[in-house]
Amino acid sequence: MKKFINLFLLTCILSCDKLPLQYAETIYRPELLHDMDYGVAMQIVPVHYDSIPEYLHLEITNETNGTIQFGADYRIERYDTDEDKWVDFGSPAETAFIAIMYILDPGKSQSYDIRLFPDKIGYSPGSYRITKVIFADEESRIYWASFILN
């Protein structure tokens, strides 16, 4: 099984540039999860913070008919109001992620803690989001969940 997962990860890494990346909106209200275009939802609860926490609580829900796969990695982006676009906010240079592939069955949800490194990254008030690449139906898509720092 371990060899299969490693081979799968290597295949994904080598072929990711050939897969179409599409963006899917984040839904914050659980009653709207079924309206998700691609059947996968990510949400951060709570959405508003008065100070930056060490960790965020991220939940991924699979409402597709098949399994979805994703790694432990994520990106932090900040909304740049001057440029009117999302920009990579970065993470500390020494940050590393475990090379693991999570598999989530249809109808299931899984929660994860996302570390924000507030002692190493200078956050200021604004809109941020966590992005993840999720594989479903033989395609990869970038999903995100937003949060606001007051």
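Since this is a predicted model, take the numbers as computed values, not measurements.

### A closer look at the overall build of the chain
From N to C terminus, the chain includes one helix and 11 strands. Listing each helix as α and each strand as β along the chain from the N terminus yields α-β-β-β-β-β-β-β-β-β-β-β. Scored against the burial criterion, the 150 residues of the chain give a buried share of 37%. Sequence-distant contacts in the chain: of pairs separated by 6 or more residues, those separated by 24 or more amount to 70%.

### Regarding the sheet that holds strand β4 (residues 55-62)
The antiparallel open sheet is built from three strands, whose spatial order is β2-β4-β9. At either margin of the open sheet sits one strand with a lone partner, and together these are β2 (40-44) and β9 (109-115). Across the sheet, the mean angle from the axis of one strand to that of its neighbour is 25°, orientation sign disregarded.

### Details of the confidence of the model for the chain
Mean pLDDT over the chain: 76, with 73% of residues reaching 70 or higher. Low confidence marks residues 1-35, where pLDDT is under 50. Its contacts with residues over four positions away, or in another chain, come to 48 contacts.

### Quick word on the layout of surface pockets
Reported here for the second largest pocket is a volume of approximately 290 Å³. Along the wall of the second largest pocket there are 16 residues; nearest its centre are A72, Y74, F97, D113 and I114. Those elements that provide at least two residues to the lining of the second largest pocket are β5 (68-71) and β9. Broken down by element, the residue count for the lining of the second largest pocket peaks at four residues, all from β9. Looking at the lining of the second largest pocket residue by residue, the class counts come to 11 nonpolar, two polar and three charged.

### Here's the deal with the pairing of strand β7 (residues 85-88)
Judged from the four bridges that link them, strand β6 (residues 75-80) and β7 form a sheet pairing that is antiparallel. In the sheet register, E77 faces β7, and the bridge partner there is D88. Linking β6 to β7, which pair antiparallel, is a turn of four residues; within it D84 sits at a positive phi near 55°.

### Quick look at the packing of aromatic side chains
If you walk through the whole model with that rule in mind, you get 10 aromatic pairs. Plain terms: the ring middles of Y49 and F147 are 6.1 Å apart, the flat faces sit at 90° to each other, and that makes the pair edge-to-face. Note that Y49 is positioned in strand β3 (residues 48-49) and F147 in strand β11 (residues 139-149), a separation of 98 residues in sequence. Note on accessibility: Y49 and F147 belong to one class, buried. Within the aromatic cluster, the residues linked to one another by ring pairs are Y49, F89, Y123, Y128 and F147. Lying across the ring of W144, R129 places its NZ or CZ 4.2 Å from the centre.

The rules we used
Residues numbered from 1 in each chain as written. Predicted model: local features only at pLDDT ≥ 70, side-chain atom pairs only at ≥ 80, totals over all residues. Heavy atoms only, no water. Helix = DSSP H or I, 4+ residues; strand = E, 2+ residues; numbered from the N terminus. Buried < 20%, exposed > 50% of the residue type's maximum accessible area, 1.4 Å probe, protein only. Contact = heavy atoms within 4.5 Å. Pairing = 2+ DSSP bridges. Axes fitted to C-alpha atoms, helices over the stretch in contact; angles between N-to-C directions. pLDDT = per-residue confidence, 0-100. 1 Å grid on protein atoms, 1.4 Å probe; cavity = no way out; pocket = protein on both sides within 12 Å on 5 of 7 lines; lining within 4 Å. Points joined across faces, edges and corners; volume = space filled by probe spheres on them. Nonpolar A, V, L, I, M, F, W, Y, C, P; charged D, E, K, R; others polar. Phe/Tyr/Trp six-rings, centres within 6.5 Å; stacked < 30°, edge-to-face > 60°. Lys NZ or Arg CZ within 6 Å of the ring centre and 35° of its normal.

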